[in-house]
Amino acid sequence: MRKRTRYCQVNPGQPAPQVISLAARILRRGGLVAFPTETVYGLGANALAEKAVAKIFAAKGRPPDNPLIVHVGYRRQVAELVSEIPPQAELLMRRFWPGPLTLVLPSNGRVAAAVTAGLDTVAVRMPRHPVALALLRVARLPVAAPSANLSGRPSPTLGRHVLQDLRGRVDLILEAGSTEVGVESTVLDLTVRPPMVLRPGGVTVEELEETIGEVRLDPTVREAPGADLLPRSPGMKYRHYAPRAPLYIVQGEPEAVRQRLAALAGEAVAKGRRVAILASDEAAAFYRERVKPHLVECLGPRSDPAQAAARLYASLKSCDRHGADVIFAEAWPEEGLGLALMNRLRKAAGYHVIAV
Ligand code: TXA
Ligand code: MG
């Protein structure tokens, strides 16, 4: 059912109290509010109300077996949602909350059943964006919020992106400009030993290990899921973050990547196709000159995968907007934020990786 969508600009550092109360009222009445977090924009509903949560799945076209993250504004709310808070969770919350870390803990069954998609665990996080925190604290509710995009599409890093995907499907969008981290939170399962990273994100594996020692990576963080390799995070098996055009990643030593990518992109240009390239700053001018593609999106210097991660989704959307027929992307080193960046890029590419 189509609804009227209100679109409100808010000051990211100091949101106006009237706008926050309006948003909180909508959540308390069972409506849908899209709001900025430090990672990506979220599509929020009251996590305790079955009907409200059902609207999230309907608005996004999200498969019902993909559980949602519950957002809280206060640490004490976690105790109301889980049956146990292990000491490692305490350590992690103290160091990384508010921030881009989601913890999977044993559920006490209080959240709406659709939130956990029938699992006996619940994923919780406290975002650090001032608008998200203000909303959660004024609403005094745990808020289920997936990324505010249509299922399968790149996640929104601007309120405008939410409007493009979800106009007529949500009650209110809070626009506060670009998000800071640009890829989603790290999802860490603390119900297994050692703890397992189900999805790499804004908090790095290196930072987690400094705090709690060894963590493992779900194998599908780096590899394509297959019949014998099912991800433990149910949502990770679906095609995700995908631009409209096919996307190919070229991976290897930087100079070899540059040559092969230019050759492949050059062939496509010669066939009259609209080619887009996602490039590091170091190689962008080379591609422009050698390939003369329709579009080169610069993701930043190779030494700064965090910057590339922050720009990834907007770049994929830009390829769509420019009507690209085919997209080529350079691979990035998988350290720090580079692991999350490459994880999203591989999924967006449907695992088309050309090794050189
Ligand atoms: O940064 C973020 O986490 C953003 C912002 C809005 O907070 N939210 C987000 O939500 O990325 P979503 O729904 O797009 O991704 C949630 C991920 C999915 O991969 C889902 O399968 C996993 O978290 N997840 C949720 N609950 C889980 C659970 N109980 N066990 C395992 N994985 C879970
Ligand atoms: Mg998502």
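Position numbers for residues count from 1 along each chain, tracking the sequence in the order it is written. All chains are assigned letters beginning with A, and all ligands numbers beginning with 1, in the order in which they are written. Only residues with pLDDT of at least 70 are given local features in this predicted model, and only at 80 or more are side-chain atom pairs given and counted; all residues enter the totals for whole chains, interfaces and linings. Each side-chain value is derived from all of the structure's non-hydrogen atoms; neither hydrogens nor water enter the calculation.

Colleague: Which parts of the structure should I look at to understand the overall build of the protein chain?
Modeller: What the protein chain contains, in helices and strands, is 12 helices and 16 strands. For 356 residues, the compact-globule formula gives about 21 Å, and the C-alpha radius of gyration of the protein chain, at 20 Å, lands near that figure. Taking the principal axes of its C-alpha atoms as reference, the protein chain extends roughly 60 × 45 × 40 Å. Relative accessibility under 20% of the residue-type maximum defines a buried residue, over 50% an exposed one, and the middle range a partly exposed one, all with a 1.4 Å probe and only protein chains included. Taking all 356 residues of the protein chain together, 59% fall into the buried category. The criterion used for residue contact is that any of the two residues' heavy atoms lie within 4.5 Å. Here the analysis covers contacts within the protein chain between residues at least 6 apart in sequence; of these, 70% occur between residues at least 24 apart. Method for areas: the Shrake-Rupley scheme with a 1.4 Å probe, in which residue coverage is limited to the protein chains shown. Accessible surface computed for the protein chain: about 14,400 Å², of which carbon and sulfur atoms make up 51%. We treat Lys and Arg as the positive residues and Asp and Glu as the negative residues; His and chain ends play no part in the count. Taken as the charge centre is NZ of Lys, CZ of Arg, CG of Asp or CD of Glu, depending on the residue. Treating the 47 positive side-chain charges of the protein chain as one cloud and the 34 negative ones as another, the clouds have centres 10 Å apart. Only DSSP runs of H or I reaching four residues or more are called helices, and only runs of E reaching two or more are called strands; each is numbered from the N terminus. Every radius of gyration here is taken over C-alpha atoms, with the globule rule written as 2.2 Å times N^0.38, N being the number of residues.

Colleague: What am I meant to see in the pattern of salt bridges here?
Modeller: Pairing between side chains of opposite charge can happen when their charged atoms approach one another. Put simply, a salt bridge is a Lys or Arg side-chain nitrogen that is within 4 Å of an Asp or Glu carboxyl oxygen. In this structure the tally under the stated criterion is 11 salt bridges. Residue Glu 38 is joined to Arg 125 by a salt bridge in which the shortest nitrogen-to-oxygen separation is 2.8 Å. Linking Glu 38 in the loop between strand S2 (33-35) and strand S3 (42-46) with Arg 125 in strand S6 (residues 121-125), this pair joins segments that are 87 residues apart in sequence. By relative accessible area, Glu 38 is classed as buried at 1%. Overall, Arg 125 belongs to the buried group, its relative accessible area being 2%. The residue Glu 255 makes a salt bridge to Arg 258 at a minimum N-O spacing of 3.8 Å. Here Glu 255 pairs with Arg 258, and both are found in helix H9 (residues 254-270), just 3 residues apart, close to one helical turn.

Colleague: I tried to follow the sheet that holds strand S14 (residues 295-298) on my own but got confused; where do I start?
Modeller: Strand pairing is assigned whenever DSSP detects at least two bridges linking the two strands. Pairing in this open sheet of 5 strands is parallel, and the strands run S14-S13-S15-S12-S16 from one edge to the other. Each edge of the open sheet carries a strand with a single partner, namely S14 and strand S16 (353-355). Each strand of the sheet is rotated relative to its neighbour by a mean of 20°, with strand direction disregarded. Relative to strand S15 (residues 326-330), strand S13 (residues 275-279) is paired through 4 bridges, and the arrangement is parallel. The residue bridging Ile 277 from the neighbouring strand is Phe 328, located in S15. Between N-to-C directions, angles cover 0 to 180 degrees, with each direction set by a line fitted to C-alpha atoms, over the stretch in contact for helices.

Colleague: Sorry, what's going on with the site of ligand 1 here?
Modeller: Near ligand 1 there are 26 residues, and of these Thr 39, Arg 62, Asn 66, His 71 and Ser 185 occur at the shortest range. The separation between a nitrogen atom of ligand 1 and a polar side-chain atom of Thr 121 is 3.0 Å. Polar contact is the term for a pair of N or O atoms within 3.5 Å; when the atoms are in protein, one must be able to donate a hydrogen and the other to accept it, and sequence-neighboring residues count only if both atoms are side-chain atoms. In the model, an oxygen atom of ligand 1 is placed 2.5 Å from a nitrogen or oxygen of the Ser 185 side chain. Look at ligand 1: alone it shows 680 Å² of surface, and the protein chains cover 97% of it. Considering every element that reaches the shell around ligand 1, the biggest residue donor is S6, with 3 residues. Partitioned by chemical class, the residues of the shell around ligand 1 number 13 nonpolar, 9 polar and 4 charged. Throughout, near means a residue has at least one heavy atom within 4 Å of the molecule or strand. Put simply, Ala, Val, Leu, Ile, Met, Phe, Trp, Tyr, Cys and Pro go in the nonpolar bin, Asp, Glu, Lys and Arg in the charged bin, and everything else, Gly too, in the polar bin.

Colleague: Can you walk me through the nonpolar core in this structure?
Modeller: One finds Leu 103, Leu 174 and Leu 188 to be the most contacted residues of the largest nonpolar core, which totals 71 residues. With 7 residues, the top contributor of residues to this core is helix H1 (residues 17-28). The residues touching Leu 103, leaving out its near neighbours within four places in the chain, are Ala 89, Leu 92, Met 93, Trp 97, Val 122, Ala 123, Val 124, Leu 188 and Leu 190. In plain words, nonpolar cores are sets of buried Ala, Val, Leu, Ile, Met, Phe, Trp, Tyr and Cys residues tied together by side-chain atoms within 4.5 Å. Membership of the second largest hydrophobic core comes to 29 residues, among which are Ala 245, Leu 278, Leu 312 and Trp 332.

Colleague: What is the right way to look at the sheet that holds strand S4 (residues 69-71) in this model?
Modeller: Within a beta sheet, neighbouring strands are joined by backbone hydrogen bonds and run either parallel or antiparallel to one another. What the 11 strands build is an open sheet, ordered S1-S8-S2-S3-S7-S4-S6-S5-S9-S10-S11; its pairing is mixed. Unpaired on one side and paired on the other, strand S1 (6-9) and strand S11 (216-217) mark the two borders of the sheet. The sheet contacts of helix H4 (residues 87-96) involve strand S5 (101-106) and strand S9 (186-189), and relative to S5 the element is tilted by about 160°.

Colleague: Before we go on, may I ask you to explain the packing of aromatic side chains in this structure?
Modeller: Centre distance and the angle of the planes are the two values used to describe a pair of aromatic rings. For Phe, Tyr and Trp, where Trp contributes only its six-membered ring, two rings pair if their centres lie within 6.5 Å, and the inter-plane angle classes them as stacked under 30 degrees, edge-to-face over 60, or tilted in between. A full pass over the atoms with the stated rule returns 3 aromatic pairs. Residue placement shows Arg 76 over the ring face of Tyr 74; its charged tip is 4.6 Å from the ring centre. Residue placement shows Arg 137 over the ring face of Tyr 74; its charged tip is 5.0 Å from the ring centre. Look at NZ for Lys and CZ for Arg. If either is within 6 Å of the ring centre and within 35 degrees of the ring normal, a charge sits over the ring.

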